[in-house]
Each structure stands twice: as C-alpha cells, then as structure tokens.
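# Coordinates in review
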Amino acid sequence: EGVTVSLGTDVSGGASPSMLQSIREALKVSNLVSLAEGRPGGGMWEPLSFTEAFHLATAAGARSLGVDGLTGDFSTGSLFDAVVVDPEAPASPFELYEGDGALASFEKWMQLGDDRNTAEVYVQGSRVFALKEGLWTSR
C-alpha cells in the first residue's frame, strides 16, 4: 500500500522504446503470473485488463512523475497530448468486424496495432504530425 505503480519504457532498460510494446508485454506477463502464482492466503491473481494497462501507461505514469492534472489524461486544464488512432487505416495489421464496438477496436489496436494506425499526433495541444497518403508530414 502507498506505492505508486505505473508503466513506462526506457531504451536502455528494455527491448523496445515503444510504449505500446511495453503495454503488450505487461499484459502478457500479468496473464502468466495469474496462471502460475497463487495469492497469499489462497486464490489467484487477476490479470491486467486492457484498460488497466492503458491507465498504467497514461494517467498513472503522470501521477508517478508528479505531473497528474497537467498531462496523462483529458481533464480540463491538462495539456492535450494524444495519438489519434485509425483502426481502419490502409494496411492495418488487424481487421474490424461488424459488431465490433469501441472497446473491441481499442483492444485490437492495443494487441496488434502499429504506426500504420496512427493518423495524427498532438503534443501540448498542437498537431505535430499527420499521416497523409502514407507519408508523415510535419505541421
């Protein structure tokens, strides 16, 4: 109790600088732990959900760094740092099917998505990149 937990990445501390890849690895490891380890006093550990892992990489990360309320979420007054994801982008590494809602699209992107699904990037409220005709263009 009282320990702040978040998810991050560091090129010298892992195999990839990709936050998305770090989320995927955390999901895999939490699934393995939930299968292999019992909780003290009995019972099983619950694996992380996609939304919990995303929270650990965003809002919890900001809280760990002491910048919650400034970045890490979309609350009023926070800096707008965001990636606009296009799950139906050309050459997307996953497919959406009829009936797939927002949560299914989010989970598929979290598990399989990559830079081909990135439509725009915003930093401190300014669009810094937009994908146009398959090429990154600076704004």
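Residues numbered from 1 in each chain as written. Predicted model: local features only at pLDDT ≥ 70, side-chain atom pairs only at ≥ 80, totals over all residues. Heavy atoms only, no water.

So, about a nonpolar patch on the surface. There is a patch of nonpolar side chains on the surface, built from V29, V33 and W45 and spanning about 240 Å² of accessible area. Turning to its location among the elements, W45 is positioned in the loop between α1 (19-36) and α2 (50-57). Residue W45 is classed as partly exposed on the basis of its relative accessible area of 35%. (Patch = residues over 30% accessible without salt bridge, like charges linked within 9 Å, V, L, I, M, F, W, Y side chains within 5 Å. Areas by Shrake-Rupley, 256 points an atom, 1.4 Å probe, with all protein chains shown as cover. Salt bridge = Lys/Arg side-chain N within 4 Å of Asp/Glu carboxyl O. Helix = DSSP H or I, 4+ residues; strand = E, 2+ residues; numbered from the N terminus. Buried < 20%, exposed > 50% of the residue type's maximum accessible area, 1.4 Å probe, protein only.)

In an α-helix, one turn spans 3.6 residues, which is why side chains three or four residues apart end up on the same side. Taken together, the buried positions of α2 are occupied by A53, L56 and A57. On an axial view of α2, the arc spanned by its buried residues comes to 95 degrees, and they lie on one face. Where α2 is buried, its residues touch α1 and α3 (59-64). (Arc of directions from axis to C-beta. Contact = heavy atoms within 4.5 Å.)

Within the secondary structure, E120 is located in strand β2 (residues 118-123). Discounting residues that sit within four places of it in the chain, E120 has contacts with A82, V83, V84, R127, F129 and A130.

If you walk through the whole model with that rule in mind, you get 4 aromatic pairs. Judged by centre distance (5.3 Å) and plane angle (90 degrees), the ring pair of F54 and F106 falls under edge-to-face. Of the two residues, F54 sits in helix α2 while F106 sits in helix α4 (residues 102-112), which places them 52 residues apart along the sequence. Aromatic side chains F74 and F80 sit 5.8 Å apart centroid to centroid with 40 degrees between the ring planes, which places their arrangement in the tilted category. By relative accessible area, F74 is classed as exposed at 64%. (Phe/Tyr/Trp six-rings, centres within 6.5 Å; stacked < 30°, edge-to-face > 60°.)

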